[in-house]
Amino acid sequence: MQWLVVTDREKILAQLDAFVAGVEAEDRAAIRQVIDEKYDAEGMDRDGVLEFLTDSLKTVDIFDTRLRRRDVTVDGDYADLDLGAMATVRIRAGAGDIHQGRWRLRWRLTDEWR
């Protein structure tokens, strides 16, 4: 019976996986699906961050992404995701180097987690 229930954590991680796949495939529509329409960070709204990503992906390839830490804490209609990730990043068709980072992402439940 457990397979009938999809938890909020599983929904958030599925959205994260969709975002990563969208970035690796340079699929703007897939990326847009995951970013909340009320996104506001680093002085950018959703359209601004989409434009930034689109422009960046014209010269940078990101592939072989490995998500390490994926800790989700849900509190009502909000959730925090502590994320550790590594990926190979290639600039202008170069050899590519491994980059890693850690982030805390805030999610909001609207019609789905974004």
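Structure first, text after, so check above.
Conventions we followed
Residues numbered from 1 in each chain as written. Predicted model: local features only at pLDDT ≥ 70, side-chain atom pairs only at ≥ 80, totals over all residues. Heavy atoms only, no water. Helix = DSSP H or I, 4+ residues; strand = E, 2+ residues; numbered from the N terminus. Buried < 20%, exposed > 50% of the residue type's maximum accessible area, 1.4 Å probe, protein only. Contact = heavy atoms within 4.5 Å. Pairing = 2+ DSSP bridges. Axes fitted to C-alpha atoms, helices over the stretch in contact; angles between N-to-C directions. Salt bridge = Lys/Arg side-chain N within 4 Å of Asp/Glu carboxyl O. Polar contact = N/O pair within 3.5 Å; in protein donor to acceptor, adjacent residues only side chain to side chain.

*Asks:* Quick one: what's the story with the side chain of Thr-88, residue by residue and with numbers?
*Replies:* Here Thr-88 is to be found in strand S4 (residues 78–91). Using a relative accessible area of 11% as the deciding quantity, one classes Thr-88 as buried. Contacts of Thr-88, omitting those with residues within four sequence positions, involve Asp-61, Ile-62, Phe-63, Asp-64, Arg-66, Gly-96, Asp-97 and Ile-98.

*Asks:* Quick rundown of the sheet that holds strand S5 (residues 97–108)? Include the residues and the values.
*Replies:* Strands sit in the order S3-S4-S5 across an open sheet of three strands; the sheet is antiparallel. Two strands close off the open sheet at either side, each with one partner strand: strand S3 (60–75) and S5. In this sheet, adjacent strand axes meet at a mean angle of 20° when their direction is disregarded. Note: S4 against S5, twelve bridges, orientation antiparallel. Directly across from Ala-85, in S5, lies its bridge partner Gly-101. Running over the sheet, helix H1 (residues 8–25) touches S3, S4 and S5 and is turned about 165° from S3.

*Asks:* Describe the pattern of salt bridges, and please don't skip the residues or the numbers.
*Replies:* Between side chains of opposite charge, a pair can form when the charged atoms approach closely. Taken as a whole and assessed by the stated rule, the structure comprises 13 salt bridges. Of the charged contacts in the structure, one is a salt bridge between Arg-28 and Glu-51, with a shortest N-O distance of 3.6 Å. In this pair, Arg-28 sits in helix H2 (residues 28–34) while Glu-51 sits in helix H3 (residues 46–56), placing the two residues 23 residues apart along the sequence. On the basis of relative accessibility, which here comes to 32%, the residue Arg-28 falls in the partly exposed class. Exposure remark for Glu-51: the relative accessible area of 38% places this residue in the partly exposed category. With its nearest N and O atoms 3.1 Å apart, the salt bridge here joins Arg-32 to Asp-47. Highlighted residues: Arg-32 in helix H2 and Asp-47 in helix H3, separated in sequence by 15 residues.

*Asks:* Just give me the short version of the environment of Arg-108, but keep the residues and values in it.
*Replies:* On the secondary structure map, Arg-108 appears in strand S5. Along the backbone, Arg-108 and Val-74 are 34 residues apart, and their C-alpha atoms lie at a distance of 9.6 Å. Those residues in contact with Arg-108 that sit more than four places away from it in its chain are Asp-36, Lys-38, Asp-77, Tyr-78, Trp-113 and Arg-114. Of the polar contacts made by the side chain of Arg-108, one reaches the side chain of Asp-36; its length is 2.8 Å.

Note that all results are geometric; they support no functional claim without further evidence.
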